[in-house]
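For reference, the chains in residue letters:
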Amino acid sequence: MPKPKIVVILGPTSSGKSALAVRLAKKFNAEVVSADSRQVYRDLNLGSGKITKKEMSGVPHHLLDVVSPKGIFSAARYQKLAIKTVKDILRRGKLPIICGGTGLYIDSLLYGYRFPNIKPDYKLRLKLEKQTAENLFDRIKKLDPVRAKSIDQKNKRRLVRALEIILSSKKPVPQLEKDPLFDALKIGLLPPTPELRQKVEKRLKQRLKAGLIAEIKRLHKNGLSFKRLENLCLECRFVSRYLRGLINREEMEKLILRSHFEYIKRQLTWWRKDKNIVWLTNPKKYYSDAARKIIRFLSAL
């Protein structure tokens, strides 16, 4: 039996994924499934760049606001929810459009990754979380050079989990086994670098004007520690340092931008190995080019 067809819109932050997904969803009777590791958190709207109800234009969106920011959300949990959501959309005769920039989340859905069955060791986690991301990464390089090549060395949560697996099993992190679940058309958005940088800068200014600092201050007031904010998102990390008086406003904005540009490089490194992604590089033709490719994809046997 042929595998069910789904469409994926991926790309670096600020590349225009959400707006394109909405337009395509209207044309192809589709619903959007988010693949963003930060937009799953409730009350983290400006901090995660979450699409607004107005921007959704009536198109159903899934896997937004799934969990409290006080909780931890894993790729394995995302996979379980995303597979269930996609199957439900297909059962109702609609096209699922996966939209996001978290490569691991997208691949976990598409390929049915079987994640390592190592239970959480909370005592070990607390011990590891006291170390810096740099120290954690150095340990992984020594214990598992293969995993060190692909892991995000600034994502402390993933570094802790990798070390938890290594130390608990006394073995390197096993390679994620793949078992493709869907026939996916992967469309990547990649505007010219100068244009992408301008979009990132403009978006940050808009979010600051809309109340980004107030949102993060409210999260802290409602019980999120500064330690948790440090690991929750890039904006949370540097706004929390600004709120503590560790950096000034100008330094905060520069650090957020620099971190976003570094994150974009890591996103592209993840996708560079995937030769099945169809990249679109002209933002003015995103919609027409993507629609044409989807029509061809859906009509093919």
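Residues numbered from 1 in each chain as written. Predicted model: local features only at pLDDT ≥ 70, side-chain atom pairs only at ≥ 80, totals over all residues. Heavy atoms only, no water.

1. Some remarks on the pattern of salt bridges
How we decide: One side-chain nitrogen of Lys or Arg within 4 Å of one carboxyl oxygen of Asp or Glu is enough to make a salt bridge. Helix and strand definitions here come from DSSP, where helices need a minimum of 4 consecutive H or I residues and strands a minimum of 2 consecutive E residues; each element is numbered from the N-terminal end. Each residue is placed in one exposure class: buried if its accessible area under a 1.4 Å probe, protein chains only, is under 20% of its type's maximum, exposed if it is over 50%, and partly exposed if it falls in between.
Going through the model one piece at a time under the given rule, you end up with 16 salt bridges. One salt bridge in this structure joins glutamate 31 and arginine 92, with 2.7 Å as the shortest N-O distance. You can see glutamate 31 sitting in strand 2 (residues 30–34) and its partner arginine 92 sitting in the loop between helix 3 (75–91) and strand 4 (95–100), a full 61 residues away along the chain. Owing to a relative accessible area of 4%, glutamate 31 belongs among the buried residues under this scheme. When its relative accessible area of 40% is taken as the criterion, arginine 92 is described as partly exposed. The partner of glutamate 195 in a salt bridge is lysine 199, with the nearest N and O atoms 3.8 Å apart. Linking glutamate 195 with lysine 199, this pair stays in helix 9 (residues 193–210), spanning four residues, or about one helical turn. Look at glutamate 195 and you get partly exposed, because its relative accessible area is 28%.

2. Examining the nonpolar core
Here is the rule we go by: Only buried residues count toward a nonpolar core. Its members are Ala, Val, Leu, Ile, Met, Phe, Trp, Tyr and Cys residues joined through side-chain atoms within 4.5 Å. Residue contacts are counted whenever heavy atoms from the two residues lie within 4.5 Å of one another.
Membership of the largest hydrophobic core comes to 51 residues, with the highest contact counts inside it found for Tyr78, Ile98, Leu109 and Met252. Mapped by element, the contributors of at least two residues to this core are strand 1 (5–10), helix 3, helix 4 (103–111), helix 9, helix 10 (212–221), helix 11 (226–232), helix 12 (234–243) and helix 13 (249–272). The element best represented in this core is helix 13, accounting for eight residues. Each residue touching leucine 109, except ones within four places of it in the same chain, is listed here: Tyr78, Ala82, Ile83, Val86, Ile98, Leu181 and Phe182. Counting 26 residues, the second largest nonpolar core, distinct from the first, contains Val32, Met56, Leu189 and Ile294.

3. Focus: the sheet that holds strand 3 (residues 61–62)
Quick reminder of the rule: At least two DSSP bridges between two strands are required for those strands to pair. Fitted lines through C-alpha atoms give the axes, limited to the stretch in contact for helices. The angle between two N-to-C directions lies from 0 to 180 degrees.
Strand order in the open sheet formed by six strands is 3-2-4-1-5-6, with parallel pairing between adjacent strands. The strands lining the two open edges of the sheet, one partner per strand, are strand 3 and strand 6 (277–280). Bridge count between strand 1 and strand 5 (residues 183–189): six bridges; the pairing is parallel. Directly across from isoleucine 6, in strand 5, lies its bridge partner alanine 184. Most of the contacts of helix 4 go to strand 1, to which it runs at about 170°, and overall it touches strand 1, strand 4 and strand 5.

From the geometry alone we can't say anything about function, so treat these as descriptive.
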